[in-house]
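As a plain string of letters, each chain reads:
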Amino acid sequence: MHHSAFQTCTAGDRMERHRHRDAYAAVVLAGGYVEAGDRGRFHARPGQVLIHGSWESHMDAFSGAGARVLNLPLTAEIGFGVGVVADPDAVARAAERDLAEAEAQLRGTIQPLDAALDDWPDALAEALRRDQGLALEGWAEAAGLTPATVSRGFRQAFGTSPRRYRAEQRALKAAAAILRHDETLAALAAGLGFVDQAHMTRAVAALTGAAPGRLRSSRYNPARTPAARQVA
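The paragraphs below set out a description of the structure included in this document.

The rules behind the values
- Residues numbered from 1 in each chain as written.
- Predicted model: local features only at pLDDT ≥ 70, side-chain atom pairs only at ≥ 80, totals over all residues.
- Heavy atoms only, no water.
- Helix = DSSP H or I, 4+ residues; strand = E, 2+ residues; numbered from the N terminus.
- Rg over C-alpha atoms; globule rule 2.2 N^0.38 Å.
- Buried < 20%, exposed > 50% of the residue type's maximum accessible area, 1.4 Å probe, protein only.
- Axes fitted to C-alpha atoms, helices over the stretch in contact; angles between N-to-C directions.
- Parallel < 35°, antiparallel > 145°, perpendicular 65-115°, else oblique.
- Contact = heavy atoms within 4.5 Å.
- Nonpolar A, V, L, I, M, F, W, Y, C, P; charged D, E, K, R; others polar.
- Phe/Tyr/Trp six-rings, centres within 6.5 Å; stacked < 30°, edge-to-face > 60°.

1. Focus: the overall build of the protein
- Assigned secondary structure in the protein consists of 9 helices and 9 strands.
- Compactness check: the protein gives a C-alpha radius of gyration of 18 Å against a globular reference of 17 Å for 232 residues, within 12% of the reference.
- C-alpha extents for the protein along the principal axes are approximately 50 × 45 × 25 Å.
- Expressed as a percentage of the 232 residues in the protein, the buried residues total 48%.

2. Points about the packing of helix α6 (residues 162–180) against helix α8 (residues 197–208)
- The interhelical angle for the contact between α6 and α8, taken along N-to-C directions, is 95°, at an axis separation of 9 Å. The angle between α6 and α8 falls in the class roughly perpendicular. Residues Arg170, Ala171, Leu172, Ala174, Ala175 and Ile178 of α6 form the contact with α8, whose own contacting residues are His199, Met200, Ala203, Val204, Leu207 and Thr208.
- Classifying every residue of the contact of α6 with α8 gives 9 nonpolar, 2 polar and 1 charged.

3. Concerning the packing of aromatic side chains
- Within the structure shown, the criterion is met by 5 aromatic pairs.
- Ring centres of Tyr33 and Phe62 lie 4.8 Å apart, and the angle between their planes is 35°; this geometry places the pair in the tilted category. A residue pair is termed long-range when its members are at least 10 positions apart, and Tyr33 in strand β3 (residues 24–37) and Phe62 in strand β6 (residues 57–73) qualify at 29 residues. With respect to burial, Tyr33 and Phe62 carry one shared label: buried.
- Look at Phe158 and Tyr165: their rings are 5.4 Å apart centre to centre, the planes differ by 65°, and that puts the pair in the edge-to-face class. In this pair, the class of Phe158 matches that of Tyr165, namely buried.
- Connected via pairs of aromatic rings, a cluster forms that spans Phe154, Phe158 and Tyr165.

4. A closer look at unusual backbone geometry
- The backbone of Trp55 shows a phi angle near 70°, a positive value even though the residue is not glycine.
- When you line up the elements, Trp55 lands in the loop between β5 (48–52) and β6.
- Given the relative accessible area of 6%, Trp55 is considered buried.

5. A closer look at helix α1 (residues 88–97)
- Of the positions making up α1, those classed as buried are Pro88, Ala90, Val91, Ala92, Ala94 and Ala95.
- If you follow the buried residues of α1, they end up packed against β1 (6–9), β3, β6 and α2 (99–109).

Spelled out as structure tokens, the structure:
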């Protein structure tokens, strides 16, 4: 799904966890909302920009006055999860004229922002992104929580289970590595902690709609993959 629209969400709206095919930036023009995704969980406010890479998933909850957002397509990835621009309305005006101009203005003015929420689900999500071999039971015990509490609380915060979140982080890393490196697929699978190459193939195909060989052989164009879909 390509994002190139101004979006208005009312208080109480909720978007369950879903995946987008293409990279885009959500520029918050008014209001605010909480987003929980593959780059963390953030309370977005006016002037802030939430970055979404290709095939990443997120969940949104709107409260208060709702929100007005510009969803701006990105032609290349941005490496951080949230940033800030001094004049979001200027980016919006540029988007009304030309999306390429708006993206250039965004890239020229955005600054990274350390705005991640800081509760135990956020700490667990960060640990899952960092360590694909993380033992969930051990993490729960160290945090003074039961495994059932961890599973239930994480799903409430991120819209998916810790195990599913961890699996998708590994698949995202695999897809990025396949596109960026020429290492054999078997070596990539081993380095990323998959059981074998076939395991990685299934995970990448489920995430992107294309098998690793197809991704690599064409330096695959994400625009050919299926549109955004709900994910559990």
